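A look at the structure
Below are the chains, spelled out letter by letter.
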Amino acid sequence: MVLPKISNQAPITLVAEKGFWTEYLKNNLISEFTRATGVQVIVKSVSLSDMYQLQTVSMQRGLGKYDVVTIEAGWAKEWAANGYTVPITELVKTYDAAHIEEFTTLSDNYYPALLNILSYNNELHSLPYNSYVMGNHYRKDLFDNPLEQQAFVKRFGYPLASPVTLEQLRDTAEFFTRKKGQRLAGKKLKKDFYGVALMSGNRPHINDELSSILWGLGGKWFFPEYEKSRIKGFHVRADSKQAKQAARYYVDLMQYAYPANVNFAFLEAATALKEGRVAMWPFAYNNLWSISGEVNNSVPGAKLGISNVAGGKPYQGAYSFAVSYDSKNPQAAYWLLKYLSSFESQLAYANGGGNPCRLDVIAHLKGRLTLESAQRQALQSSYLADQSWRESVAQYGHFSSTAMGSIYPELMKAAYRITQKPQDTDNILQHLKVQITTLQNLYGEEAMLAE
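Residues numbered from 1 in each chain as written. Predicted model: local features only at pLDDT ≥ 70, side-chain atom pairs only at ≥ 80, totals over all residues. Heavy atoms only, no water.

1. Considering the packing of aromatic side chains
For the coordinates displayed, the defined rule picks out 31 aromatic pairs. Note on Tyr52 and Trp79: the rings are 6.2 Å apart at their centroids and 20° apart in plane angle, and the pair reads as stacked. With Tyr52 in helix H2 (residues 48-60) and Trp79 in helix H3 (residues 76-81), this pair connects stretches of sequence that are 27 residues apart. Across the pair, Trp79 and Tyr52 agree in class, each one buried. Aromatic side chains Trp75 and Trp79 sit 5.4 Å apart centroid to centroid with 45° between the ring planes, which places their arrangement in the tilted category. Assessed through its relative accessible area of 0%, Trp79 is described here as buried. Taking the ring centre of Trp389 as reference, the NZ or CZ of Lys313 above it sits at 4.4 Å. (Phe/Tyr/Trp six-rings, centres within 6.5 Å; stacked < 30°, edge-to-face > 60°. Helix = DSSP H or I, 4+ residues; strand = E, 2+ residues; numbered from the N terminus. Buried < 20%, exposed > 50% of the residue type's maximum accessible area, 1.4 Å probe, protein only. Lys NZ or Arg CZ within 6 Å of the ring centre and 35° of its normal.)

2. As for the pattern of salt bridges
Two side chains with opposite charge may pair up if their charged atoms get near one another. This model, assessed by the stated rule, comprises 16 salt bridges. For Arg35, the salt bridge identified is with Glu32, shortest N-O distance 2.6 Å. With Arg35 and Glu32 both in helix H1 (residues 20-37), this residue pair falls three residues apart, about one helical turn. Since its relative accessible area comes to 58%, Arg35 is described here as exposed. Owing to a relative accessible area of 32%, Glu32 belongs among the partly exposed residues under this scheme. Close ionic contact of Lys433 with Asp239 constitutes a salt bridge, the shortest N to O distance being 3.8 Å. In this pair, Lys433 is assigned in helix H21 (residues 425-443) and Asp239 in the loop between strand E12 (230-236) and helix H11 (241-253), connecting sequence segments 194 residues apart. Judged by its relative accessible area of 26%, Lys433 is partly exposed. Residues joined in a network through salt bridges with shared partners are Arg155, Arg170, Glu174 and Asp252. (Salt bridge = Lys/Arg side-chain N within 4 Å of Asp/Glu carboxyl O.)

3. Concerning the pairing of strand E11 (residues 222-227)
Inspection of the sheet shows E11 paired to E12 by six bridges, in the antiparallel sense. By the bridge assignment, Tyr226 is partnered in E12 with Ile231. The turn joining E11 and E12, which pair antiparallel and follow one another in sequence, is formed by two residues; a positive phi near 55° is taken by Lys228. (Pairing = 2+ DSSP bridges.)

4. Considering the side chain of Arg358
As for its position among the elements, Arg358 is in the loop between helix H16 (343-351) and helix H17 (359-366). Polar contacts involving the side chain of Arg358 include one to the main-chain carbonyl oxygen of Ser341, which spans 2.9 Å. Once residues within four sequence positions are removed from consideration, Arg358 is found in contact with Leu106, Asn109, Tyr110, Ser341, Ser342, Phe343 and Gln346. (Polar contact = N/O pair within 3.5 Å; in protein donor to acceptor, adjacent residues only side chain to side chain. Contact = heavy atoms within 4.5 Å.)

5. Side note on helix H5 (residues 100-107)
Among the residues of H5, those classed as buried are Phe103, Leu106 and Ser107. Projected down its long axis, H5 carries its buried residues within an arc of 90°, all on one side. Away from its buried face, by an angle of more than 90 degrees, H5 presents the exposed residues Glu101 and Thr105. (Arc of directions from axis to C-beta.)

Following this line, the structure appears as structure tokens:
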């Protein structure tokens, strides 16, 4: 896209999560934006666990520290409802009015379920740039191995394949867990080998895994009740039968997982797969395809496969960029947002290892990539995952509450506590139920309804 000369040359600050995608953005895309517009961009890289609090405090106090903020999809409605982010149409009308119709076309060019999550009162306040919907990243070479296939059928009575159900995931994780000296695909193991890698550290990502399991079991943490197409209020189910079942399942699955410490999260899980230490990363973020895919080169004979997650309800979302209401240079902030959302930038980002959100970029890539390439498999998995959510995403409090940014950390804390003290699961979930109710009533636009 052609960038204009911007009259306000004040530097702007963009917040993004630490990771290789942010380094690529900073070293490649943003330098081009500065060259074309003359506006300097400061990139503040922070961890996901710090990102919400850092940005929220600044906007609550009107400090104007951050011009372009990064939103985890679950926060989008909360920030929009609080007036922290500027509607995209308002920005276009102010700084780019000649292209208002172009924006309408652009806003239709994203995954439908994702747009539902990011919208507030049917209006976008941000544009997604980094899709992290989950898929199962697995060692296809092991699943296709005749010796492993025969042994699996003999043991479990059904064919070995990427698991579709949570029961199959548990069986497959147990099956592939081997000790040093045992054989895997006919070769003696020099190290212990594990069925799965789980993001079970005290980080936000443990909640994403547990939530996917809960949803796959047909449960919900909480959900909205609608009246004439508008949310009337919410019902909480954090201590339901399904929630307890999901908690027990996760703890059980951990016995077949690569050993994790308190900081074990997405990078560590992807690395365990890359280094040939696990058969599956069953709740992988598809934007980590470039790391998972390195197993094809780092382990002789390895071949990566990517499929949908067991249970069929992967964590859905993306990071999106928005212009903060207290930006000191909203003109430049808008043009940076538009530039980073352009076809050219999303394509460059994808070629740098990211997982784009624009459907035209995805179609372009899928037409040029081989079917077995890690990138194409990740794009296809993300597309199918969005389709699986398209009709139901609005029925989950996770994606419809305007208090989700406050509730999300409580889900993480509860998930980690369960792994540390599984005997206290019922009490932990009961406490979580109270926390969700309190936070929804304090910060949500609609209250928790009496049962």
